[in-house]
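Now for the letters of each chain:
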Amino acid sequence: MEENILSTTRDIHGLYPHVHIWGYPIAIYLFIGGLAAGILLFATIYYLKGKADEMPFTVKIAPIFTFGLVVIGLLLLVYDLHHKMYVWQLFLTFRIESPMSWGAWTLVVVSIFSLLWPLSYIDDIEAYLHERGWKRLDDITKFIRNMEHKYVIPRFVIITFRKYRTLAAYLMLFFSIILGIYTGILLSAFNAHPLWNNSILGPLFLVSGVSTGSAFVMWLSNNKKERQLMSTIDMALIAVEIFFIIHMMMGMQAGPEAYKQAAHLFLGGEFTVIFWVVFVGFGLVLPFILEVFEHRGFKIHPALPALLVLVGGLLFRIIMVQAGQISEYPL
Amino acid sequence: MRYAMAIEVNKCVGCADCVVACQTENNVPIGYSRDWIVERVSGTYPDIFLHFESQRCNHCEDTPCVRTCPTGASFIDVGGIVKVTHDECIGCGACIESCPYDARYFHPDGYVDKCTFCDHRVKEGMDPACVSVCPTYCMHFGDLDDPDSDISKLLKKRENFTLLPEAGTAPQIFYLK
Amino acid sequence: MSKFNRRDFIKISGTATAGVALTPALSSGIGQIFQNEKKLTDDQLTKTPTICEVCFWNCAGWTYTDPDNKIIKVVGNDKDPHSNGRLCPRGTGGLGMYYDENRLKKPLVRVEENGVQSFKEVSWDEAFDVIVDNMKAIDEKYGKESIALFYHGKTGPHFKHMMQYWGSDTNAKPASAQCLITREAGYIATYGTGLASPEPTDINNTECLVLIGNHFGENMHNGHVQEISKLIDRKGTIITVDPRFSTAAAHSTHWLPIKPSTDLALLLAWTNVIINENLYDKEYVARYTYGFDELKAHVQKYTPEWAQTVTTIPAGDIYKTARVMANAAPKVIIHPGRHTAWYGDDTQRTRAMAILNAILGSWGRKGGFYFPENIKLPNHPHPPLPKPKWSWRDISQGKHKLAFAGITNEIVDCALPEYDGPYKIKGMFFVATNPLQAIPKEDTIKKAIQNQDFVLAVDTMPSEITGYADVVLPEATFLERLDDIRVSQNKSPNVALRYPAVKPKYDSKPGWWIARELGIRLGLHDYYHWEEFEEYLDWQLKQIGTSISELKEVGVKHFDRKTPMYLNENEEYWFNTNTGKIELVSTDFQEWGYDPLPVYKAHDEAPAGYLRLIYGRLPMHTFGRTLNNPNLNDLKNEPKLWVNPKVAKIYYLENNQEVWLQNPEGKVSSFPIKVRITERIRHDSVFMPHGFGNKGRIKVDGKILEMSRAYGRGISDAELLHNIKIDPETGGTGMRNSFVTILTENPHTKAVES
Ligand SMILES: Nc1nc2c(c(=O)[nH]1)N[C@H]1C(S)=C(S)[C@@H](COP(=O)(O)OP(=O)(O)OC[C@H]3O[C@@H](n4cnc5c(=O)[nH]c(N)nc54)[C@H](O)[C@@H]3O)O[C@H]1N2
Ligand SMILES: Nc1nc2c(c(=O)[nH]1)N[C@H]1C(S)=C(S)[C@@H](COP(=O)(O)OP(=O)(O)OC[C@H]3O[C@@H](n4cnc5c(=O)[nH]c(N)nc54)[C@H](O)[C@@H]3O)O[C@H]1N2
Ligand code: SF4
Ligand code: SF4
Ligand code: SF4
Ligand code: SF4
Ligand code: SF4
Ligand SMILES: [Mo]
């Protein structure tokens, strides 16, 4: 028999029996990051493809949400800090090797873009809203326009942004990719946890993030063409995700003991059901099937697969954050 | 300079004097600890093998904790001592998540705390508190870059191991068999 | 006369298990003690000499206080031969005793309101009045002798002397009958002298150390732990005999996993080999010992082959280890052990060890046992002591010739209602001792206490005994008080000072002050010519050419030896025995009717379905006295019951599962304990550390006072001890013939349901 035990009492909260210092806030934060990245990715790509007017929701409207999302993300990040009063320390330096540092800076940059992008489309947005019979937000659009007229600096910024929108779109594309990759590789940077320490996790998170972005557009767009396009993209992304997941599990199974243990969490261990049945079943396979049926002409509410993908994406991050912390090297 | 520790597991009795000495020396709050003891038993009665390991931050040469710190609060000080500047730490936990040894914890005041190799004592030419209290004299502290230091000689002479070499952190705490 | 003829334990009503639920959350305030402090370097701190009282090895050290008079740390004194500058974990964490927020804070007196007994906080004067009234009442009715003092530690002598001045010499300590009296007796019978503390084993020069149930590394007697570690460095041989794979066993060259209770068989078989193979020290035996031929004839039947059947140790290993020992002789030590109250034939077992040391020629030899020396301090002149009509001697020495100190369990017997002999006990003082954990047969002790007219407890903590007292006095901890100069024996004679580093916290007082105040109120002025104990100590120190102020600077002062440390070659040496020789055959024992040579007798085996209960020490705790110490509790806050995997299979046990224990008399543990499945214990025994399962919780002015970190944690071994065997020579209690069975369901809730 082998015994490896902690002989002194070390009841430090969140350290034993396994590290548990990150909870839902970090998982939601990662979800939001991925979602925002996905939305911005589609907005910029289709803008650059010259489809701004054809796909107004994707390019002009959806990015409105990213600003809110990114702000919530930043707030969650701060909320999760244990030494909150020192949060400004994050912005005194940029640490090239620290994904946290990357993330903090990227979120700030992305938040600026995601604020300016919709502002630069304020007339189109108002038109879009009116078209859909939404007048309630007129006060806000009017207020924003007033600001733009009254003050020099906002006017200058927005006019400049409009003028160089293509350049801005390239930059935004770049940062949204960074954001997507960042939310993906954040966990894999913590290689003290075998589950996180694998090369597929990053791409998997990126694909999953983009997939939630497409689901988001699919869900809220009123444009059938847009929705169908996004649905097609989403199906492809889901297929890639499933491929990555299987690949990741096989990789861990083939690894050293600590990695086998990590895989076991999903192959018989405590996360088996929630991962395979709830996440993979209801968050990937079912929406995939629903989308296939929709393409074949069955009447399926587009919100259904979209919401399943979104909830699945959130669940996936919660599971990975929790299971990753359980997966540790032995004492 | 390259500070390191060598601990003779053939003498350690797992008494935890090193743990409580660290607590009083470094004002580690009750309920927390910078060092701890692991007991390893193998075999079947009456052919059994047992040893204790006094563990703490390994002051790794390859430091995932410093690498992942977004503010630079975690840094490598003179002699390879891995430290945390409390006033720069935002308490994000990145370093805790990246240490394979669970060597770091959130101090109740919010910042991350860990073993400092008692650099305040080392500066004065003393041994760290845990080393200087150990009743079995099984702990040794010194400079690996100095070939004449006790620790360099011990490591040359005796078979030794480090914790979780597979984690690739190049620990600077060596256990002598 | 006390108002309380029926003494209830002042506690919160409800069963023990219900009590667990009542335990208030661990107080969190304590976590703040060390926080937010700027780190000061050692030279910004003040050093005051101290002598550690966390155990009775009494290491000398330094208490460091900061400019705000806060205790920062306690560190060993380099000049001290007990600590060599390094305290053990308990000493390093000793400051937790001072900081413990559960400490006794004010004198307490038992009161009864509306039929409910409780404690009330009172002033020192009021408390002294109650004590003095009761002492006088007992004196009038039964005589002063009827008040018995139980004590331990450096605070005990203050009270022992006070009681002797008053006229009672009825006293005892568990540290004798429950600890080392049997071993002392074994050595006195053999060498004419006991061993005392620290044991004069020359481990620093030995080549072979034999530890028989002596679990150094868990037993943290500091000096010896350090010396053994250096022996490992020197690649010396260590032979450990223990049924359990102890820490010492893990670090030994040879571990002999003995069947519990059979050590005497092994010792006699070793003697057999050493004699029959002519490995003994012939010259030494011829010159210094008495009765060798009889010994030789006596051990013939104790062959290793026979011993194998008794001890389960292969005969080959017995031969091998005997030869190893002989090879190292005379640099060999069969360590006498300390807590030797095991099986009721313990004087005989230690005799066998003493004999083995004698034939190997290690007594008085370098690398064996050295002759220790200490400093004699004169007593302040005072009137002669009154002569009590009877004392502890009369109670114990009639029955046990070698009861050279009070025997706690026998004094307890005199306190029982059914006792009708001449030595009736009607008052009990407990000073720094907790009989409910220390003396076996808890129920008997409770009965004896119930039968008293008055009970006093002097303690630092609301320990179990305080709940049974009529008056509880809060003593200051060792860091806050002055006590007698330490004059213990060593290679180099020395004196050491304990000086208060800070003022007593709360309304606690040092023992010397409490004893003196009581004495003065009892009219013993003539015995207390001094007002401050410091004056007394300074006077004593001046007589040997030093002073308090010098000792405050150095802590420990050494003096030159006056006698040789070892026997000189061919020296004629007179041992303090009847024959003047080392008595392999004890002439005293012959005369008194005890076995003159140790005879192996089998001990009880576990009844079917039971396992032997083995207990021992944890390195970071001293009995139960440190369990509530915040620093030490932080190192280990609960015990585990060690169970062999085979046993775990039978009982379907899992690691960390909570179980209860029951002994064959039907007594069930008050609390559960968590299981640790480990190969370190035999399949016929379970092991747990002594001192846990604390039940100390009292009610003071309606509020609960308890040891909040210790209450209800784990099982108290003391509670389950039964089948106690009395050692005939000394009256010491054999406490290891105890058996238990494992209960996986809470027996207390079951009782409530049915
Ligand atoms: N079942 C069982 N019984 C045993 C043993 C065993 O292993 N198992 N061991 C035996 C041995 S070896 C011994 S030596 C005895 C020891 O038994 P005890 O003499 O009882 O010794 P302690 O447990 O040290 O004393 C405990 C009491 O002293 C109090 N105390 C601590 N410090 C101070 C102080 O500075 N001043 C005052 N006034 N009080 C203080 C504590 O709060 C506690 O109430 O027990 C023996 N009994
Ligand atoms: N940390 C710490 N150190 C202490 C103390 C403490 O409370 N805590 N108390 C001090 C005191 S007062 C004393 S007296 C000493 C006592 O310390 P020791 O004299 O060393 O130990 P014991 O308690 O007699 O013995 C416990 C050991 O005996 C083994 N044992 C049990 N049954 C048998 C048997 O039948 N045969 C053999 N050969 N071994 C057996 C147990 O497995 C265990 O390893 O420790 C002192 N040191
Ligand atoms: S103080 Fe020394 S012997 Fe005790 S646990 Fe620490 S390293 Fe081991
Ligand atoms: S042990 Fe952990 S905290 Fe210490 S240097 Fe290594 S990775 Fe960093
Ligand atoms: S918790 Fe503090 S030290 Fe650790 S990574 Fe974050 S900022 Fe750096
Ligand atoms: S080196 Fe100092 S800080 Fe580190 S564990 Fe030892 S005593 Fe604690
Ligand atoms: S051995 Fe430890 S507890 Fe005992 S006196 Fe020495 S330092 Fe104190
Ligand atoms: Mo003892």
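This section reports on the structure supplied with the text. In every chain, residue numbers begin from 1 and rise along the written sequence. Chain letters start at A and ligand numbers start at 1, both assigned in the order the entries are written. Local features in a predicted model are, by the rule used here, given only for residues with pLDDT of at least 70; side-chain atom pairs are given and counted only at 80 or more, and totals for whole chains, interfaces and linings are based on all residues. To get the side-chain values, take all heavy atoms of the structure and skip hydrogens and water.

Here the focus is the sheet that holds strand E3 (residues 71-76) of chain C. Strand pairing in a sheet relies on backbone hydrogen bonds. The paired strands run either parallel or antiparallel. Residue and element names in this part refer to chain C. A sheet is described by the order of its strands in space; here three strands give the open sequence E1-E2-E3, paired in antiparallel fashion. Edge positions in the sheet fall to strand E1 (46-51) and E3, since each has one partner strand and no second. Averaged over all neighbouring strand pairs, the angle between strand axes comes to 30 degrees, with direction disregarded. Two strands pair if DSSP finds at least two bridges between them. To qualify as a helix, a DSSP run of H or I must reach at least 4 residues; to qualify as a strand, a run of E must reach at least 2; elements of each kind are numbered from the N terminus. The convention used is that axes are lines fitted to C-alpha atoms, helices contributing only their stretch in contact, and that angles between N-to-C directions extend from 0 to 180 degrees.

All right, on to helix H6 (residues 174-191) of chain C then. Residue and element names in this part refer to chain C. In this model H6 runs 24 Å from its N-terminal to its C-terminal C-alpha over 18 residues, within 8% of the 26 Å that 1.5 Å per residue would give. The angle separating two fitted axes, one through the seven residues that finish at a residue and one through the seven that start at it, defines the bend at that residue. Along H6, the sharpest change in direction is near 70 degrees and occurs at Leu180. Extensive coverage of H6 is indicated by the burial of 17 of its 18 residues. Count one or two residues on from H6 and you reach Gly192, which has phi positive near 80 degrees. By this rule the span expected of a helix is its residue count minus one, scaled by 1.5 Å. Partly exposed describes any residue whose relative accessible area lies between the buried limit of under 20% and the exposed limit of over 50%, with all areas from a 1.4 Å probe on protein chains only and scaled to the type maximum.

In the vicinity of ligand 3 there are 14 residues, among which Cys12, Cys15, Ala16, Cys18 and Cys134 of chain B approach most closely. Under the scheme applied, nonpolar residues are Ala, Val, Leu, Ile, Met, Phe, Trp, Tyr, Cys and Pro; charged residues are Asp, Glu, Lys and Arg; polar residues are all the others, including Gly. Looking at side-chain class alone, the shell around ligand 3 contains 10 nonpolar, three polar and one charged residues. It suffices for a single heavy atom of a residue to lie within 4 Å of a molecule or strand for the residue to be listed as near it.

With that settled, the discussion passes to the interface of chain B and chain A. Contact with chain B, which involves 49 residues of that partner, is made by 43 residues of chain A. Any Lys or Arg side-chain nitrogen located within 4 Å of an Asp or Glu carboxyl oxygen qualifies as a salt bridge. Summed over the shared surface of chain B and chain A, the result is zero salt bridges. Under this definition, polar contacts are N or O atom pairs within 3.5 Å; protein pairs additionally need one hydrogen-donor-capable and one acceptor-capable atom, and for neighbouring residues in sequence, both atoms have to be side-chain atoms. Counting across the interface, chain B meets chain A through 17 residue pairs in polar contact (both at pLDDT 80 or more). A total of nine residues in the side of chain B that touches chain A trace back to one element, the largest contributor, which is strand E2 (residues 36-44) of chain B. In terms of residue class, the side of chain B that touches chain A is built from 25 nonpolar, 13 polar and 11 charged. Pairing of strand E1 (residues 2-6) of chain A with E2 of chain B, which is carried by five bridges, proceeds in the antiparallel orientation. Paired with Asn4 of chain A across the strands is Arg40 of chain B, a residue of E2 of chain B. Contacts are assigned to residue pairs with any non-hydrogen atoms lying within 4.5 Å of each other.

Before going further, it helps to spend a moment on the sheet that holds strand E10 (residues 173-176) of chain B. Residues and elements named next belong to chain B. Here four strands make up an open sheet; going across it, the order is E8-E1-E10-E9 and the pairing mixed. If you trace the sheet from one side to the other, it starts and ends with strand E8 (139-143) and strand E9 (160-161), each paired once. As paired strands, strand E1 (residues 3-8) and E10 are joined by four bridges and run parallel to one another. Bridge pairing in E10 links Ala6 to Phe174. Lying over the sheet, helix H6 (residues 150-157) contacts E1, E8, E9 and E10, oriented at roughly 115 degrees with respect to E8.

Attention shifts here to the site of ligand 6. Around ligand 6 there are 13 residues in total, and Cys22, Arg56, Cys115, Cys118 and Cys130 of chain B lie nearest to it. Its residues assigned to classes, the shell around ligand 6 shows eight nonpolar, two polar and three charged.

Turning to the interface of chain C and chain B, a few remarks are in order. Tallying the contact residues gives 49 residues for chain C and 47 residues for chain B. If you look at where chain C meets chain B, you find four salt bridges. In this structure, the salt-bridge partner of Lys73 of chain C is Glu25 of chain B, at a minimum N-O distance of 2.6 Å. Seen at the junction of chain C and chain B, the total is 17 residue pairs in polar contact (both at pLDDT 80 or more). In terms of residue count, helix H7 (residues 222-233) of chain C provides more of the side of chain C that touches chain B than any other element does, seven residues in total. Here the side of chain C that touches chain B is composed, by residue class, of 20 nonpolar, 16 polar and 13 charged.

Now for the packing of helix H9 (residues 263-276) of chain C against helix H12 (residues 304-311) of chain C. Helix-helix packing is described using two parameters, namely the angle between the two axes and the distance between the axes. All names here are of chain C. At a closest axis distance of 9 Å, the pairing of H9 and H12 adopts a crossing angle of 165 degrees. For the element pair H9 / H12, the angle class is roughly antiparallel. When the axes of H9 and H12 are compared, the crossing they make is left-handed. Only Pro304, Trp306, Ala307, Val310 and Thr311 of H12 make contact with H9, whose side of the interface consists of Ala265, Leu266, Ala269, Asn272 and Val273. Looking at the contact of H9 with H12, its residues break down into eight nonpolar, two polar and no charged. Here roughly perpendicular refers to angles of 65 to 115 degrees, roughly parallel to angles under 35, roughly antiparallel to angles over 145, and oblique to all remaining angles. Note on convention: near helix rotated counterclockwise from far helix by under a right angle means a left-handed crossing. Clockwise means right-handed.

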